[in-house]
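Chain residues, written in single-letter form:
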Amino acid sequence: MRMFQVRQTIDYELTLAAGTEQEAILKAKGIPLAQWTAEPAEVTAELVDETDEIDEY
């Protein structure tokens, strides 16, 4: 049986006015994700384990 680990990555975009990068990060942390613009997601699958099933006789 093959087992895969599937990972989905979503990039969010938010434009806000801030004086410094640190201020922008602090402001962004307080804004719910529902207000962010979601960019297309990337989905990847990685083979975790590949074992052949053994028939018992």
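Only a predicted model underlies this, so the values are computations on that prediction, with no experimental measurement involved.

Novice: I keep staring at the overall build of the protein chain and nothing clicks. Help me out?
Specialist: Of regular secondary structure, the protein chain possesses one helix and four strands. Each helix and strand of the protein chain, ordered N terminal to C terminal, gives the series β-β-α-β-β. Considering only residue pairs separated by 6 or more positions, the protein chain has 75% of its internal contacts joining residues 24 or more positions apart. For the protein chain, the exposed surface amounts to about 5,500 Å²; the carbon and sulfur share of it is 51%.

Novice: Hey, could you run me through the environment of Thr-44 in this one?
Specialist: Following the sequence through the fold, Thr-44 ends up in strand β4 (residues 42-50). Setting aside anything within four residues of it in sequence, one finds Thr-44 in contact with Gln-5, Val-6 and Arg-7.

Novice: Got a minute to help me understand the environment of Thr-15 in this structure?
Specialist: Among the structural elements, Thr-15 can be located in the loop between β2 (12-13) and α1 (21-29). Take Thr-15: its relative accessible area is 75%, and that puts it in the exposed class. Distance in space between the C-alpha atoms of Thr-15 and Ala-28 is 9.2 Å, their sequence separation being 13 residues.

Novice: Is there a simple way to explain a nonpolar patch on the surface in this structure?
Specialist: Together, Phe-4, Val-6, Val-43 and Leu-47 make up a nonpolar patch on the protein surface, roughly 400 Å² of accessible area in all. Tracing the sequence through the fold places Phe-4 in strand β1 (residues 2-9).

Quick notes on the rules
Residues numbered from 1 in each chain as written. Predicted model: local features only at pLDDT ≥ 70, side-chain atom pairs only at ≥ 80, totals over all residues. Heavy atoms only, no water. Helix = DSSP H or I, 4+ residues; strand = E, 2+ residues; numbered from the N terminus. Contact = heavy atoms within 4.5 Å. Areas by Shrake-Rupley, 256 points an atom, 1.4 Å probe, with all protein chains shown as cover. Buried < 20%, exposed > 50% of the residue type's maximum accessible area, 1.4 Å probe, protein only. Patch = residues over 30% accessible without salt bridge, like charges linked within 9 Å, V, L, I, M, F, W, Y side chains within 5 Å. Salt bridge = Lys/Arg side-chain N within 4 Å of Asp/Glu carboxyl O.

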